[in-house]
Amino acid sequence: MKYKKLGIFIGKKTLKLISLLIVVCLASFWIVEQSPIDPVRAYIGEMSIQPEQKAKLDEYWGVNTPPQEKFLNWAENILKGDFGVSLIYRISVFDVIKERSIASLILMASSWLISGILGFVLGIIAGMKKGTWIDKIIKTYCYILTATPTFWLALILLMVFSVNLGLFPIGLGVPIGVTAENVTFFDKLQHLILPTITLSLLGVAQIAMFTREKLIEVLSSDYVLFAKARGEKGFDLVLRHGVRNVALPAITLQFLGFSELFGGAVLVEQVFSYPGIGQAAVAAGLRSDVPLLLGIVIFSALFVFFGNLIADIIYEFIDPRIKQQEATI
Amino acid sequence: MSTAVVTINKGLFGELNLRQKTLLIIGFTSLLLFTIVLSSVFLNGESLPTNFGSRNLAPSLNHPFGTDWMGRDMFIRTLEGLGLSIVIGAFASTISAVLTVILGLLSSAGKTADSFVSWLVDLFLSIPHLLLIILISIGFGGGATGVVIGVALTHWPGLTRVVRAEIKQLKTQEYIHISRNLGKSIWWIATKHILPHLIPQILLGTILMFPHAILHEASVTFLGFGLSPHEPAIGIILSESMRYLSAGYWWLAFFPGLSLLIVVLAFDMIGENIGKLMDPKNAHE
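Colleague: Help me understand the overall build of chain A in this model?
Modeller: Of the regular secondary structure elements, chain A holds 14 helices and zero strands. Counting only residues that meet the buried cut, chain A has 33% of its 329 residues in that class. Looking at chain A alone, contacts between residues at least 24 apart form 73% of all its contacts between residues at least 6 apart.

Colleague: Explain the overall build of chain B here, please?
Modeller: Tallying secondary structure elements over chain B gives eleven helices and zero strands in all. The buried share of chain B, reckoned over its 285 residues, is 41%. Within chain B, contacts between residues at least 6 apart in sequence are counted, and of these 70% link residues at least 24 apart.

Colleague: Sorry if this is basic, but what is going on with the interface of chain A and chain B here?
Modeller: Often the size quoted for an interface is simply the accessible area lost on bringing the parts together. The interface of chain A with chain B comprises 38 residues on the first partner and 37 residues on the second. Breaking the side of chain A that touches chain B down by element, the ones donating at least two residues are helix 1 (2-34), helix 6 (133-147), helix 7 (150-164), helix 11 (258-271), helix 12 (277-286) and helix 13 (290-318) of chain A. Top contributing element to the side of chain A that touches chain B by residue count: helix 7 of chain A, with eight residues. Looking at the side of chain A that touches chain B residue by residue, the class counts come to 28 nonpolar, ten polar and no charged.

Colleague: Please explain the environment of Ser 300 of chain A as it appears in this structure.
Modeller: Residue position: Ser 300 of chain A is located in helix 13. Given 27 C-beta atoms within 10 Å, Ser 300 of chain A falls into the buried group. Placed 42 residues apart in sequence, Ser 300 of chain A and Phe 258 of chain A show a C-alpha to C-alpha distance of 9.3 Å. Excluding anything up to four places from it in sequence, Ser 300 of chain A contacts Phe 262 of chain A together with Ile 127, Pro 128 and Leu 131 of chain B.

Colleague: What exactly am I supposed to notice about the confidence of the model for chain B here?
Modeller: Predicted coordinates in areas of low pLDDT are best not read in detail. Residue and element names in this part refer to chain B. Chain-level pLDDT for chain B is 80 on average; 84% of the residues reach the 70-or-more range. At the low end of the mean pLDDT range in chain B sits helix 1 (residues 2-8), at 44; at the high end sits helix 5 (residues 129-139), at 88. Per-residue pLDDT stays below 50 along residues 1-9; that stretch engages in one contact with residues further than four places along the chain or on separate chains. Among the prediction metrics, the complex's ipTM stands at 0.84, with pTM recorded as 0.83.

Colleague: Sorry, what's going on with the nonpolar core here?
Modeller: Among soluble globular proteins, nonpolar side chains are generally buried collectively. Ala 154, Leu 155 and Ile 296 of chain A are the most contacted members of the largest nonpolar core, which totals 128 residues. Every residue in contact with Ala 154 of chain A, bar those within four places of it in the chain, is listed here: Thr 198, Leu 267, Val 268, Val 271 and Phe 272 of chain A.

Colleague: Quick question: what am I supposed to make of the confidence of the model for chain A here?
Modeller: Averaged over every residue, the pLDDT of chain A is 81; the share at 70 or more is 85%. Within chain A, the lowest mean pLDDT, 65, falls on helix 2 (residues 39-44) of chain A, and the highest, 90, falls on helix 11 of chain A.

Colleague: Sorry if this is basic, but what is going on with unusual backbone geometry here?
Modeller: Trans peptide bonds make up the majority, and among non-glycine residues the majority have a negative phi. Residue and element names in this part refer to chain A. One non-glycine residue, Ser 273, lies in the positive phi region at around 45°. If you trace the backbone, Ser 273 turns up in the loop between helix 11 and helix 12. The exposure class assigned to Ser 273 is partly exposed, which follows from the 16 C-beta atoms found within 10 Å.

Colleague: Even after reading the chapter, I still don't get helix 11 of chain A, so can you show me in this structure?
Modeller: Residues and elements named next belong to chain A. For helix 11, built from 14 residues, the straight-helix expectation of 20 Å at 1.5 Å per residue is met to within 8% by its first-to-last C-alpha distance of 20 Å. In terms of burial, helix 11 is a largely internal element, 13 of the 14 residues being buried. Following helix 11 by one or two positions, Ser 273 has its phi on the positive side, about 45°.

Colleague: Please explain the domain arrangement of chain A as it appears in this structure.
Modeller: All names here are of chain A. The domain architecture assigned to chain A consists of domain 1 (2-79) and domain 2 (93-328). Taken together, the contact between domain 1 and domain 2 spans 13 residues of the former and eleven residues of the latter. Elements with a contribution of two residues or more to the side of domain 1 that touches domain 2: helix 1 and helix 2. Of the residues contributing to the side of domain 1 that touches domain 2, the split by class is eleven nonpolar, one polar and one charged.

Colleague: It is not clear to me how the packing of helix 3 (residues 74-109) of chain B against helix 11 (residues 251-278) of chain B should be interpreted in this structure. Could you clarify?
Modeller: A pair of packed helices is characterised by two quantities: the angle between their axes and the separation of those axes. Residues and elements named next belong to chain B. With their axes 10 Å apart at the nearest point, helix 3 and helix 11 run at an angle of 35° to one another. When the axes of helix 3 and helix 11 are compared, the crossing they make is right-handed. Seen from helix 3, the contacting residues are Met 74, Thr 78, Gly 81, Leu 82, Ser 85 and Ile 86; seen from helix 11, they are Trp 251, Leu 252, Phe 255, Pro 256, Ser 259, Leu 260 and Val 263. Looking at side-chain class alone, the contact of helix 3 with helix 11 contains nine nonpolar, four polar and no charged residues.

Colleague: Could you clarify how one ought to interpret the environment of Cys 25 of chain A in this entry?
Modeller: All names here are of chain A. Tracing the sequence through the fold places Cys 25 in helix 1. Placed 270 residues apart in sequence, Cys 25 and Gly 295 show a C-alpha to C-alpha distance of 9.2 Å. The residues contacting Cys 25, other than those within four sequence positions of it, are Ala 75, Ile 78 and Ile 298.

Colleague: Hey, could you run me through the packing of helix 9 (residues 186-223) of chain B against helix 11 of chain B in this one?
Modeller: Residues and elements named next belong to chain B. Helix 11 packs onto helix 9 with a crossing angle of 170° between their chain directions and a minimal axis gap of 10 Å. Considering the angle they form, helix 9 stands roughly antiparallel to helix 11. Between helix 9 and helix 11, the residues in contact are Pro 200, Leu 204, Ile 207, Leu 208, Phe 210, Pro 211, Ile 214, Leu 215 and Ala 218 and Leu 260, Val 263, Val 264, Phe 267, Asp 268, Ile 270, Gly 271, Ile 274, Gly 275 and Met 278, respectively. Residues belonging to the contact of helix 9 with helix 11 are distributed by class as follows: 16 nonpolar, two polar and one charged.

Colleague: Sorry if this is basic, but what is going on with the environment of Ala 90 of chain B here?
Modeller: Tracing the chain through its elements places Ala 90 of chain B in helix 3. Between the C-alpha atoms of Ala 90 of chain B and Pro 211 of chain B, which are 121 residues apart in sequence, the distance is 9.7 Å.

Rules behind the numbers
- Residues numbered from 1 in each chain as written.
- Chains lettered and ligands numbered in written order.
- Predicted model: local features only at pLDDT ≥ 70, side-chain atom pairs only at ≥ 80, totals over all residues.
- Helix = DSSP H or I, 4+ residues; strand = E, 2+ residues; numbered from the N terminus.
- Buried ≥ 20, exposed ≤ 12 C-beta atoms within 10 Å, placed from the backbone.
- Contact = placed C-beta atoms within 7 Å.
- Nonpolar A, V, L, I, M, F, W, Y, C, P; charged D, E, K, R; others polar.
- pLDDT = per-residue confidence, 0-100.
- Core = buried A, V, L, I, M, F, W, Y, C linked by C-beta atoms within 7 Å.
- Expected span 1.5 Å × (residues − 1).
- Domains from an automatic or database assignment.
- Axes fitted to C-alpha atoms, helices over the stretch in contact; angles between N-to-C directions.
- Left-handed = near helix turned anticlockwise from the far one by under 90°.
- Parallel < 35°, antiparallel > 145°, perpendicular 65-115°, else oblique.

In structure tokens:
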């Protein structure tokens, strides 16, 4: 029974992933194909060239091949694992994404974790102390954060901590003028701190508000009333009955936030010139590097998909309430 | 109950009840936003004259937000930028609301149509929002039009989800079944029975979409897509200010961003308070 459910689940998700990838490829290719931006122009940049040379380049890059054929060529290469060559970095798109995504994933993972824990704790505190000044402060903080432009907060932090206090470097992933071998772990860490703080601060709001609502809901339930009647109170009560009930939905929500996390990373990386995938995406967009942009779109779709997948797994297989429901059916 | 409420509400506006207070908040914030838009319309072009005699001045009484590297008053530039943001936000939210109505009605038409709508929602949510806006704006050739279209075409999925759930629930109602049995067409039911229920939801959803649209527009402009550097958009002002950060001209970034935050908060407040007014359950809290 259990294995059957797992099998169905895996089958469904695989099908969904394949269909999603096909559609994302098709749709994003079509959108870019519609664009009036000339890819050859983007490739040669500001250089002026003769019309004959331009025609040759057009032919070389296959500008005039019909779109269906272009798509099929591209899709075939992707199936072979070849995403083409990035026009701005002049190396293969796959390598750009591989190199950049590691830096980005470190940034996103650390801020995901910090914001999750911080948000959860704040939410629990606010929910426990509902109606008090602590609750009001946390609520106001979250409320303001959701309205804060990510890049502005990044700018302010950069200004205060890097420019005025000189605690952190102004930008980039590693110090300037140091060879790759000499970059220490500490250097990397130092360049990571401010971007992580920015992303974490912003990520707190949603999870904290959610945890607060859920905890208040749990605390007004009958079993909590009964526990109180038994003499349980204070933090013990919340820990035994509240946190346990709230933790899973909160973790699920945090996994569903991958899409926003990615968007936040794009902005933060841009402000701190952090060499991540978001910065590459912006560069690719601004300079019409179509292969790289499409590659990143596919990568980000995968990223979001796996976030949702983990949330689904938690919901379907780990949450004991769902298990119990199934057992009773 | 009512006595308890009265004792709690002894604040600055102690004599007003919750409903009046809510209306007051809506009125004030709307007035603020309206003033910003109006003044930005009247100021049109004012920010352009450069005055190199007063370059990079820190905030003072004459220039509350300071001046930039060309001696332009940052307060006026910020006002114009906010006006532009609000107008773009309004346009984008309206388009998204129209799309929501169309897709909502479509999803009420039948099972196939409904699964198409849900598939479309999933598709739009599968790519990070910011990246999707960039992609679409490139598809439309970049520039201001690209950004506006990109922002307008990507804000409907959230609201459409809500509307779909609402429609699903409405369809189980008895009067819809009766209407069906009386031989009314799907279209008739959709427009006469379902749409009127959805209008308040959609109105509220549109207002709450505003802040998102404004923030996204500012973000994308900040990244360098779209609007030309001569436009006084908040995103452009902020990305310009990045070049002067190490020089210590903090006011170039601080005030414009703060004003944007306040505008976004104001829209949030209007939306939430209208929501409170419309929802009878919360009206007596």
